[in-house]
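Spelled out from the first residue to the last, the chains are:
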Amino acid sequence: LAIQEAHFGPEHPDVAATMHNLGNALAAANRGHDAARCHWRALGVWSRTLGPAHPDIAATLHSLGNVYRGLREPHAAAQ
């Protein structure tokens, strides 16, 4: 991640993809709050760089929903 950020900058779609994947790995390790932070960051970068209708946005929203379901925080998933 640090290498990607140094090479591409923090607002690059590849950095967002890494954050999304890191979020999935953290969720699998039962680190839901850390996973959510990664997914939110990926969502922000992709929204700004790819636009709100891009399929990667939907994938990240799906992952966020799963994280919040695992955390038993359905109110957060509704946001």
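Just so it is clear, the model here is predicted, and its values are computed rather than measured. (Residues numbered from 1 in each chain as written. Predicted model: local features only at pLDDT ≥ 70, side-chain atom pairs only at ≥ 80, totals over all residues. Heavy atoms only, no water.)

Caption draft 1: Region of interest: the nonpolar core. If you look at the biggest cluster of nonpolar residues, it comprises 16 residues, and the most contacted ones within it are Ala 16, Met 19, Ala 36, Ala 42, Trp 46, Leu 64 and Tyr 68. Every element with two or more residues in this core is listed here: helix H2 (13–28), helix H3 (32–50) and helix H4 (55–70). Element by element, the count of residues in this core is highest for H3, at seven residues. Sequence-distant contacts of Ala 42, that is, excluding residues within four places in its chain, are made with Ala 16, Met 19 and His 20. (Core = buried A, V, L, I, M, F, W, Y, C linked by side-chain atoms within 4.5 Å. Buried < 20%, exposed > 50% of the residue type's maximum accessible area, 1.4 Å probe, protein only. Helix = DSSP H or I, 4+ residues; strand = E, 2+ residues; numbered from the N terminus. Contact = heavy atoms within 4.5 Å.)

Caption draft 2: Layout of the confidence of the model for the protein chain. Here the protein chain shows a mean pLDDT of 93. Residues at 70 or above account for 96%. No element of the protein chain has a lower mean pLDDT than helix H5 (residues 74–77), at 74, and none a higher one than H2, at 97. (pLDDT = per-residue confidence, 0-100.)

Caption draft 3: Quick look at the packing of H2 against H4. Where H2 meets H4, the closest approach of the two axes is 11 Å, and the angle between their N-to-C directions is 20°. One finds that H2 runs roughly parallel with respect to H4. Two packed elements cross with a definite hand, and for H2 against H4 that hand is left-handed. Of the residues in H4, those in contact with His 20, Asn 24 and Ala 27 of H2 are Ala 59, Thr 60, Ser 63 and Val 67. Of the residues in the contact of H2 with H4, the class split is three nonpolar, four polar and no charged. (Axes fitted to C-alpha atoms, helices over the stretch in contact; angles between N-to-C directions. Parallel < 35°, antiparallel > 145°, perpendicular 65-115°, else oblique. Left-handed = near helix turned anticlockwise from the far one by under 90°. Nonpolar A, V, L, I, M, F, W, Y, C, P; charged D, E, K, R; others polar.)

Caption draft 4: Region of the structure containing the environment of Ser 47. Mapped onto the fold, Ser 47 is located in helix H3. The partly exposed category is assigned to Ser 47, whose relative accessible area is 32%. For the pair Ser 47 and Ala 16, spaced 31 residues apart in sequence, the C-alpha to C-alpha distance is 10.0 Å. Discounting residues that sit within four places of it in the chain, Ser 47 has contacts with Pro 52 and Ile 57.

Caption draft 5: Region of interest: the pattern of salt bridges. Taken as a whole and judged by the stated rule, the model has four salt bridges. The salt bridge partner of Glu 11 is Arg 48, with a shortest N-O separation of 2.8 Å. Of this pair, Glu 11 sits in the loop between helix H1 (2–8) and H2 while Arg 48 sits in helix H3; the two residues are 37 residues apart in sequence, bridging distant segments of the chain. The closest approach of N and O atoms between Asp 34 and Arg 37, which form a salt bridge, is 2.3 Å. With Asp 34 and Arg 37 both in helix H3 and three residues apart, this pair spans about one turn of that helix. Connected through salt bridges with shared partners, the residues Arg 31, Asp 34 and Arg 37 form a single ionic network. (Salt bridge = Lys/Arg side-chain N within 4 Å of Asp/Glu carboxyl O.)

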